[in-house]
Structure formats: C-alpha cells, structure tokens
Amino acid sequence: MWFPAILCPRAQLFGAVIQKLGKQLKRAQFWFRRRTRRTKIAMEIVRPQSHRNSLSSANDAAVAVPTIPSYRSAPPLEVRLEDFESFAIDRLRVLKGISDGMSRGKKQEEMEKLVKDLWRVNMRHQHASEVLNKDIISHFVLRLVYCRTEDLRKWFLSMECALFRYRFRSLYTAEAQRAVMEEFDLSGSAVTKMEFQDIKEKLGQVARSMGQPLPTLDAIFYKVPFEEVPELVAGRKVFIKQGYAYVAMNQVVSFVATLFRSQLSKTLILTNRKWTSSIREQEKHRLTPIVEALCSSYLGPDLSQPREYAEISLKDIDQIAKSSFPLCMRHLFDKLKEDHHLKHGGRMQLGLFLKGVGLNLDDALAFWRAEFSKKVGLEKFEKEYAYNIRHNYGKEGKRTDYTPYSCQKVISSTPGAGDQHGCPYRHFSEENLKAALSRMGVNSRAMEDVIDKVRNRHYQLACTLTFEALHGVPCDAGINHPNQYFIDSQKILQPKKDSSA
Ligand code: SF4
C-alpha cells in the first residue's frame, strides 16, 4: 500500500517508517510529521534489507567500515526538510559529475578517481554517523524525482549503476565487498589460499577460455552456490565444483551491479505508478514542487547578479553578443534584430539573461523598445511589453526579482511553432545547428565533435566544446548556465582586449 508524501514546512521534520508487507516485494513508507499531526510518504522497494550498519544511531563505529547500501528499503528515521532537499542536490552533483565524465570519454582509472573525489566532496557530513543516512536518504529522494518519465528513469538508472560499480570496486577489503554481496542475498565466501592452490589449474582453464590472464595467488575468488549466478554458469564463465561456482572479483562486480540495476529499474516503475496515481496530487502544495524542481536544479554558483566581468551597456551589446553569448542567446538576439519581435518564451529567456549579465532596467527598456517599436509601434510596446520587462526586474506585480534560466531549464523547455527560445543543441535540426555553429565561427573539425555529442544527447557538453573551440582554452567545469558561459568568455576575452588597448 502506498501513502502520500507530505512535508511539513514549519516543523521541518519528516520521519520514515518501514513496513514489511510480504515475502518478495516489500515497501517502505516515509512518514512526514508535524508536532501535532502526522502524514506519510511511501517509496517502493524490493524486499527488506538488514542494516547491519545501524542507520539512525549515533554509533560512528558502525559506519567506519566503508559500505554500500543496497537501497532495498528506506530506513525509519527523521530528517529535517532542508536536508531532504540538500542531500538530494549533493547526490545530484555526484551523478551529474559522473555523467559529464562519461560523456567526455574519460578512461576507467580517470573515472575511478573522479567518482572518488565527487563522493568525498559532496557526500560528506559533519557527523560521521550521518554519512550512511545521507547516502540512503539522497538516493530515495532522487528516486522520487527521477521516476517520473522514461528519460529521467533511464538517466538515473544508468548513473546510479555507474556509481554503484565504482564504489563497489573501491571497497578496500574483501570483507566489505562480502558485506555488500550479503545485502543482495549472495551468500558467497572468499576462497582461501589453500583452496585456491587446489583448483588453480581449473581456474586458469576458465580464464584462458575467456581470453583473460591467468589468476595469480593474490587474486580474489568467491565461492557461491551455482544457482545464484545462472548467467555466469550459462555463459560457462565460472568453474563449478560440488555445487559451488568460483567467481572472480571482476565477475562479482558485474553480477552485483546487474542485480542492483534490475532491482532499481523495477522500483522506479513502481514509484512512478504511485507518484502519478496519488502522491503528485496529494502533495501538490508541498512535496511536489520540490520534487519537480530538483531534476532541473541548477547546481552551480549564483549567476543572478552581474559580476566583475558581467556588465554590459547598450553601445557594446552587439559586439559582446557576437563574442560572448552562448548559442541559445545569440540565436534569440539575432532573431530579435531580424524580426523585431520575440514571443513570450524568447523574451523571458533573453531578457533574464541580459539582466543577469548586467543590463540595467533603463537600458533593457531602451533595448527592447528600439527593436519592438519597429514592428508593433511605440504605443503598443509601452502598453503591452514594457510592463513585462519591468516585471522581470521586480518592479511590477509581486516584485519578485526573477533569475536567469539555467541550462537545465532552457534544455527542458518545449518551444512551439514560431518560438525561438530553448537550447539550439537540443531543439535545432542538425542542419540548422551546423549552419548556426558555422556562423559563430566553429571550424569543421570541432563541429564534428559537437554534433557527435548532440547525437548522444549531451547538449551541455556540446556547448562546452563550442566554447572551447571558440576561445581556445579548456572549460573543465563544463557549461551549466548561459550566464556562466558569458562570464567565462569575458574572463578570457577582457584581459586580451585590455592588453591590446
Ligand atoms: Fe544555452 Fe546552455 Fe544550451 Fe549552451 S547548453 S546553448 S548555454 S542552454
């Protein structure tokens, strides 16, 4: 049975209570409660897990041994609302870092180092005893966030599996690895040195048949009941003796990761069903906005205010648009100059970007007026469009100071007929994109790399490669925000201009 998820903004607490509901499929329930009343949320899980590493206690020793939970059940614990969101964002930074690393084609060793660093930087906690809790809570929150569409599920599944693999490989001891195997009900034991000597020849034959190097004395093998590894048995990838399969460490990683993947895949579908059938509606005023915003969260620094290099005046805008605007903004800028008009989505995307790079309200009004009045006339501009510009600057309506859109937001927009907003790497046809890149000055070699990333749907990476091709310097952090593109570009171009002056 599923329950709606409810967060309490005042008490800022939610609790998680697990109920075991059957032998095969078990489900967890997160309870969010107020001091005076209690409401609850559930997340789908497959079978209960025994948390030998004591989840909610302050027992630091319990988490001293590095481990990976199997995430089969949500633990019963209380979490502050702000942690609910911030833990998820921290894990998202790790997953996005992995995604960037993979799409940049990093090698296995580079990826191992990257994942280790990402995990160390983002998933730490001031209390050692809370590290494991943070790991589990962040995973369950992101399940809710990423269960909602096929694309989101695919991405989350593939990043979580990659993370799992790298973490499993980096477990220091055979004991820690065995503990994880037990979480997956794989009841293996490490093969002793003496036993290894007895079967060394047979293990060597199997390795030879798969074209792998012969196992050495320090190689780790596990002995597991053969029915637990049917794929390895069917593929004749293991030596079997007296009902036990002798599984090499590299096979264990892939086998455990496959189990992890299949369990997570099932639970994401179940979570999605519950999300659409009840949770989304019941939580529309509290949890739903947080969950919906999380997958398009911008994870970089605050770029809503103009910075050192981010101030433009009207007289420079044409030249600066050419040199430092990312393609999404350059396209809108050019279209505005050409048609003297942009539809609402385009006005918002470009208008907030210009505000973020330092165009003040008076200049913004003058800029839009100069273009729009050519098409709709001065009177209509003042009546119908000037209000929205002042509104963006927080001078009308609710007086909210609106912030520029991140790449995630721009990429996930859905431009209709006649709209010019969105991310060209995602929304342009290949032919149009090539033409636009060529107008920007991207050479044909770099263009091939950019188009290759676009075909693989790595839009921000395609934008990063464009930046690198145009500026001639690497952009290791990647492009995450159109205003970041602008600032980074100005940082490179401004000193060059100053020194040549
Ligand atoms: Fe704009 Fe970001 Fe797309 Fe680049 S990746 S074009 S900055 S939305």
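Here's what I pulled together on the structure shown here. These figures come from a predicted structure and were not determined experimentally. (Residues numbered from 1 in each chain as written. Predicted model: local features only at pLDDT ≥ 70, side-chain atom pairs only at ≥ 80, totals over all residues. Heavy atoms only, no water.)

## With respect to the site of the ligand
At step 1: Taken together, the residues surrounding the ligand are P326, C328, C407, V410, C423, Y425, C463, I479 and P482.
At step 2: In the shell around the ligand, the residues fall into 9 nonpolar, no polar and no charged. (Near = heavy atom within 4 Å. Nonpolar A, V, L, I, M, F, W, Y, C, P; charged D, E, K, R; others polar.)

## Looking at unusual backbone geometry
At step 1: For R236, which is not glycine, the phi torsion reads 50 degrees and is therefore positive.
At step 2: The topology assignment puts R236 in the loop between α7 (230–234) and β7 (239–241).
At step 3: Its identity is not glycine, yet R457 carries a phi of approximately 65 degrees, on the positive side.
At step 4: Secondary-structure assignment places R457 in the loop between α18 (444–455) and α19 (459–471). (Helix = DSSP H or I, 4+ residues; strand = E, 2+ residues; numbered from the N terminus.)

## With respect to helix α12 (residues 344–356)
Owing to its 3.6 residues per turn, the α-helix brings residues three or four apart onto one side.
At step 1: The terminal C-alpha atoms of α12, which comprises 13 residues, lie 18 Å apart, in line with the 18 Å expected from a rise of 1.5 Å per residue.
At step 2: Of all the 13 residues making up α12, 12 are buried; the element is thus mostly covered by neighbouring parts of the structure.
At step 3: Immediately beyond the C-terminal end of α12, within one or two residues, lies G358, with a positive phi of roughly 110 degrees. (Expected span 1.5 Å × (residues − 1). Buried < 20%, exposed > 50% of the residue type's maximum accessible area, 1.4 Å probe, protein only.)

## Digging into the packing of aromatic side chains
At step 1: Taken as a whole, this structure holds 18 aromatic pairs when the rule is applied.
At step 2: Ring centres of F325 and F486 lie 6.1 Å apart, and the angle between their planes is 65 degrees; on these two criteria the pair is classed as edge-to-face. Here F325 is found in the loop between α10 (317–324) and α11 (327–339), whereas its partner F486 is found in helix α20 (residues 482–500), with 161 residues between them in sequence. Of the two residues, F325 and F486, neither departs from the other in class, the shared state being buried.
At step 3: Ring centres of F381 and Y385 lie 6.4 Å apart, and the angle between their planes is 20 degrees; on these two criteria the pair is classed as stacked. Linking F381 with Y385, this pair stays in helix α14 (residues 378–392), spanning 4 residues, or about one helical turn.
At step 4: You can call F381 buried: its relative accessible area is 0%.
At step 5: Overall, the relative accessible area of 11% leaves Y385 in the buried class. (Phe/Tyr/Trp six-rings, centres within 6.5 Å; stacked < 30°, edge-to-face > 60°.)

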